[in-house]
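Understanding the architecture of this molecule
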Amino acid sequence: MSRVALVTGASSGFGRATVERFVAGGWRVVACGRRAERLQALVDALGPGKVHAAAFDIRDADAMRAALDALPDDFRGIDLLVNNAGLALGTRPAQEASLDDWRTMIETNVTALVTLTHALLPTLIERRGAIVNVSSTAAKYPYTGGNVYGGTKAFVSQFSLNLRADLHGTGVRVTAVEPGMAETEFTLVRTHGDQAASDALYAGADPMTAADIADTIWWIANLPPHLNINRIELMPTTQSFAGFNVHRS
Ligand code: NDP
Ligand code: 8X3
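Ranked by size, the top nonpolar core spans 34 residues in total, and within it Val7, Val19, Phe22, Ala31, Leu80, Val177 and Ile217 carry the most contacts. Of all the elements in the fold, those that place two or more residues in this core are strand S1 (4-7), helix H1 (13-24), strand S2 (28-33), helix H2 (36-46), strand S4 (80-83), strand S5 (130-134), helix H8 (210-221) and strand S7 (231-234). Not counting chain neighbours up to four residues away, the residues in contact with Val7 comprise Gly15, Thr18, Val19, Val29, Val30, Ala31, Cys32 and Val82. With 25 residues, the next largest nonpolar core counts Ile78, Leu116, Leu121 and Leu124 among its residues.

Below you can see the structure in the form of structure tokens.
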């Protein structure tokens, strides 16, 4: 029997690449996201026996519960939860940011992630499964305009470590994956659809790709059961660190 992964944010970017990587490796995958047509395209491309599309807004707890209850038998025994769905909204400093954007990031990146994790923990414990939480370099390194996005990702990284503490002795593995710059629809979403801004950010930067992150998640999930990667931080070679900002009068 092949193993089953549930991947959130499977309609784009890291999530879609992760679905493709795991199906190529012989797993079955529950692919979650709001854009049903994109999830169906994955089912059509990879096969209905391999991918189950679960279209719902991850912020809607009732819709999440209904999607889990409706899983076909072949996709019910989840061995791996990839909490990947998430977003940044806005690039302005806190004092100019939208409170609606802040709330959306918290509801998606934090509240929905813990709700789904809570729902699947009994299954993951029963199956001695694994959780991969997609965090960010923004969890640790602050930058102007990162405000609530960075705060949500700091939560994801610390929640991952605390899950490890609570799951002690269960055999369930937990990892926080903390990527830096990778080209996906992330910046298009962050800028509310500004394709030119997205193109400009990645131009000439040789960013990481969604496949780079999917390969990392694949590696983590297929390590021997006695080995847990607590957190892993990745950047493109072209990205590094800037100094502290000093304001002079
Ligand atoms: P994309 O915008 O390409 O993908 C984001 C995914 O999240 C989409 O599939 C989207 O699906 C899903 N999603 C967003 N909101 C919801 C919602 N309310 N309900 C259900 N699904 C939702 O970005 P990435 O692939 O880059 O991002 C994936 C993760 O990686 C995010 O958590 C992001 O913060 C993180 N990350 C990204 C980095 C980057 O540079 N790209 C770097 C570090 C971390 P749909 O719209 O169909 O609902
Ligand atoms: C995405 C990376 O640097 O845009 O999480 O915050 S960054």
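Lining the immediate environment of ligand 2, one finds Ser136, Ala138, Tyr143, Tyr149, Phe186 and Arg190. Here an oxygen atom of ligand 2 and a side-chain polar atom of Tyr143 are 2.5 Å apart. Within the side chain of Tyr149, one N or O atom sits 2.6 Å away from an oxygen atom of ligand 2. For ligand 2, whose accessible area on its own is 240 Å², the fraction buried by protein is 79%. Here the residues of the shell around ligand 2 are counted per class, giving four nonpolar, one polar and one charged.

Glancing now at the pattern of salt bridges. Enumeration over the complete set of coordinates arrives at eight salt bridges. Linking Arg38 and Glu185 is a salt bridge whose minimum nitrogen-to-oxygen distance equals 2.8 Å. On the criterion of sequence distance, the pair formed by Arg38 in helix H2 and Glu185 in the loop between strand S6 (173-179) and helix H6 (186-190) is long-range, its members being 147 residues apart.

How each quantity is defined
Residues numbered from 1 in each chain as written. Chains lettered and ligands numbered in written order. Predicted model: local features only at pLDDT ≥ 70, side-chain atom pairs only at ≥ 80, totals over all residues. Heavy atoms only, no water. Core = buried A, V, L, I, M, F, W, Y, C linked by side-chain atoms within 4.5 Å. Buried < 20%, exposed > 50% of the residue type's maximum accessible area, 1.4 Å probe, protein only. Helix = DSSP H or I, 4+ residues; strand = E, 2+ residues; numbered from the N terminus. Contact = heavy atoms within 4.5 Å. Near = heavy atom within 4 Å. Polar contact = N/O pair within 3.5 Å; in protein donor to acceptor, adjacent residues only side chain to side chain. Areas by Shrake-Rupley, 256 points an atom, 1.4 Å probe, with all protein chains shown as cover. Nonpolar A, V, L, I, M, F, W, Y, C, P; charged D, E, K, R; others polar. Salt bridge = Lys/Arg side-chain N within 4 Å of Asp/Glu carboxyl O.

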